[in-house]
Amino acid sequence: ADVAYLRSVLPSTTDDAFFDYLATLDASEVTVTAIPEGSVVFPRVPFLQVKGPLLVVQLLETTLLCLVNYASLVATNAARFRLLAGPDVKLMEMGLRRAQGPDGALSASKYSYIGGFDCTSNILAGKLYGIPVRGTIAHSFVMSFRGLEEVQPRELPPQAGGDPVDLAGLAVSWLQRVCDLLQTPPGKANEGELAAFVSYAVTFPCDFQGLLDTYCVRRSGLPNFCAVALALNQLGYQAIGVRLDSGDLAQQSKEIREVFRACGAHFQVPWFGTIPIAVSNDISEQSLEEFRREGSEIDMIGIGTNLVTCPLQPSLGCVYKLVEVNGSPCLKLTEDEEKMTIPGMKTIYRLYDATGHPFMDLMALEEEPSPSAGQELGIRVLGQLGETTKVIPSTVEPLHRTYFRDGQVCEPLPSLPEVRTHAQLSLNLLSPAHRRLHEPQPYPVAVTERLHRLFLELRQGS
């Protein structure tokens, strides 16, 4: 069917033998080597090399670039958010409604998890990929209640067993005590919001959480949540968190933490002061920088639009270039040195210093002997090709592995959690000077003297 379609769109003068050839295509002569998934990769370093018949590897170009560009872009964007948030804050991907269609949303969930996010709100991604799923209640759920008479059922048995208790009535009694402590009128707390919290708590007593800003955080959402959480505590249950979705999130988190601590101390509920606080609301890199600068009590951050759409750089720009034909290296020439291709089939090495940080990636021709730890190497750094630099690595790591040969996958493929772990280890190995997001120290990529000579020969010959 595919060949028949191509016949219908290609010129009528196309030789029939070409279509006969297309019907015989397979991948048995293709070899793919790559840097392991989840590795940090730097500009100009070939992270994927494909060998095979020219027509076959040309046909793979668009497919491979489609698969790696967005995936690498989202993983990189997620890693930037993780670096800004620090290791202790939980990050939740919640971009399904803003992603570029369902396929883009699934890819975003998968690759943001590799980049360092802890969970997703995309249930299908959880089912397909095993990513932990998390979420919170919605404003629409809170707004759908008008009064406590709508709560059905309203009774909850104590966790330790015993007769069911009217949770709504218990929450009302706790609301008065909480409002007395906070010096806020109980009449200002929205009864529909209290009913929504009670209904949720009756259904999920071990997973109760509150969305605090549907009406007013200080006068309604916070006292209503505390009342229901303390009523649950009286029955042996423990609330799991709250979410904020508007306003000055950092300042509000600090004020909410003070209220939780005050309730915990006053009502002698020690765990109350540590209830997790989650935030959302168009979170960006700038938002995370402000949280860190101002200080906050935020435990979890939900990020959607600015994660999955990558507004700071909407496309990554990976390219797929021909570097050798029938054993003869080839070179694309341009006045822009950064856009010149680096000829020949190459082996990639990562060089580490004595502290264990990678300090340079080195490209060598495949037939060159591997560099050794402790060996002085004469190399040319891209962007400074006019001068030789001497380096002595403490450790040398070959980066490429062969993943596909003779039509078969020949390297065990890691699971998604394994890729995620490898990605975080790769990032953590980088020197802080390279890892910082503002004015990072450029990471040097170099070529061997032999590869540099080949580059010069081909350029002069052209």
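Per chain, residue numbering runs from 1 following the sequence as it is written. Local features are withheld for residues below a pLDDT of 70 in this predicted model, meaning they are given only at 70 or higher, and side-chain atom pairs are given and counted only at 80 or more; totals for whole chains, interfaces and linings count all residues. To get the side-chain values, all heavy atoms of the structure are used, and hydrogens and water are removed first.

1. A few points about the overall build of the chain
This is how the line gets drawn: Strands here are runs of E lasting at least two residues and helices are runs of H or I lasting at least four, both read from the DSSP assignment and numbered beginning at the N terminus. Only C-alpha atoms enter the radius of gyration, while the globule expectation follows 2.2 Å times N to the 0.38, with N the number of residues. Using a 1.4 Å probe on the protein chains alone, a residue whose accessible area is under 20% of its type maximum counts as buried, one over 50% counts as exposed, and one in between counts as partly exposed. Two residues qualify as a contact provided that any one of their heavy atoms is within 4.5 Å of a heavy atom in the partner residue.
When helices and strands are tallied, the chain shows 15 helices and 20 strands. Here the C-alpha atoms of the chain give a radius of gyration of 29 Å, more than 25% beyond the 23 Å that 2.2 N^0.38 yields for 462 residues. Each principal axis of the C-alpha atoms in the chain carries an extent, and together these give about 90 × 60 × 40 Å. Within the chain, buried positions represent 46% of all 462 residues. Partitioning the contacts of the chain with sequence separation of at least 6, the portion at a separation of at least 24 is 66%.

2. Here we look at the side chain of arginine 243
In this fold, arginine 243 is placed in strand E8 (residues 241-244). Discounting chain neighbours no more than four positions away, the residues touching arginine 243 are Thr136, Ile137, Gly210, Leu211, Leu212, Asp213, Ala278 and Ser280.

3. A short note on the nonpolar core
Rule in force here: The set of buried Ala, Val, Leu, Ile, Met, Phe, Trp, Tyr and Cys residues whose side-chain atoms join them within 4.5 Å is what this entry labels a nonpolar core.
Among the nonpolar cores identified, the biggest contains 73 residues, and Val198, Phe208, Phe225, Phe260, Phe272 and Ile301 are the most heavily contacted of them. Sort the elements by how many residues they give to this core and helix H9 (residues 217-234) lands first, with 10 residues. With sequence-adjacent residues up to four places away left out, phenylalanine 272 is seen in contact with Cys226, Ala229, Leu230, Phe260, Cys263 and Gly264. Grouped together as the second largest cluster of nonpolar side chains are 22 residues, Ile35, Ala79, Ile342 and Leu385 included.

4. What about the UniProt feature "domain: Nicotinate phosphoribosyltransferase C-terminal" (unreviewed entry) in the chain?
Condition: UniProt positions are given in the numbering used here, feature names are shortened, and annotations may be inferred rather than shown by experiment.
When the UniProt feature table is mapped onto this chain numbering, "domain: Nicotinate phosphoribosyltransferase C-terminal" (unreviewed entry) sits at residues 346-454. Segment residues 346-454 splits into 22% helix and 35% strand. End C-alpha atoms: 12 Å apart.

5. Considering the packing of aromatic side chains
As a reminder, the rule being used: Here is the rule: rings of Phe, Tyr and Trp (six-membered ring for Trp) pair when centre to centre is within 6.5 Å. Planes less than 30 degrees apart are stacked, more than 60 are edge-to-face, and the remainder are tilted.
In total, this model carries 13 aromatic pairs according to the counting rule given. Between tyrosine 200 and phenylalanine 204 the ring centres are 5.2 Å apart and the planes differ by 50°, which places this aromatic pair in the tilted class. Take tyrosine 200: its relative accessible area is 15%, and that puts it in the buried class. Where phenylalanine 208 meets phenylalanine 225, the ring centres are 5.3 Å apart and the plane angle is 15°; that geometry is what we call stacked. Here phenylalanine 208, found in the loop between helix H8 (191-203) and strand E7 (209-211), pairs with phenylalanine 225, found in helix H9; they are 17 residues apart in sequence, far enough to count as distant.

6. Considering the domain arrangement of the chain
Stated formally: Each domain's limits were defined by an automated method or a database of domain assignments. By buried area we mean the combined loss of accessible area, with a 1.4 Å probe, across both parts when two parts are placed together. By salt bridge we mean one thing: a side-chain nitrogen of Lys or Arg within 4 Å of a carboxyl oxygen of Asp or Glu. Nitrogen and oxygen atoms within 3.5 Å of one another constitute a polar contact, given that in protein one can donate a hydrogen and the other can accept it, and given that sequence-neighbouring residues count only through two side-chain atoms.
By the assigned domains, the chain splits into domain 1 (29-54 + 329-461) and domain 2 (76-309). Counting residues at the interface gives 11 residues for domain 1, matched by 16 residues for domain 2. Between domain 1 and domain 2, a total of about 1,100 Å² is buried, with carbon and sulfur atoms accounting for 66% of that surface. Among the residues of domain 1 in contact with domain 2, Leu416, Arg420 and Leu437 are the three that bury the most area, contributing 58% of the side total. Taken together, domain 1 and domain 2 are joined by 1 salt bridge. Note that aspartate 118 is salt-bridged to arginine 420, the shortest N-O span being 3.4 Å. Counting across the domain 1 and domain 2 interface gives 7 residue pairs in polar contact (both at pLDDT 80 or more).

7. Focus on the UniProt feature "domain: Nicotinate phosphoribosyltransferase N-terminal" (unreviewed entry) in the chain
Per the UniProt record, the feature "domain: Nicotinate phosphoribosyltransferase N-terminal" (unreviewed entry) sits at residues 2-69. Across residues 2-69, helical content stands at 46% and strand content at 12%; the span's end C-alpha atoms are separated by 26 Å.

8. Some details on the sheet that holds strand E2 (residues 48-51)
Just so we agree on the cut-off: Here the rule is simple: two strands pair whenever DSSP picks up at least two bridges between them.
The antiparallel open sheet is built from 4 strands, whose spatial order is E2-E1-E18-E19. The open sheet has two free edges, formed respectively by E2 and strand E19 (408-409), since each of these has just one partner strand. Inspection of the sheet shows strand E18 (residues 401-405) paired to E19 by 2 bridges, in the antiparallel sense. Residue pairing in the sheet places arginine 405 in a bridge with glutamine 408 of E19.

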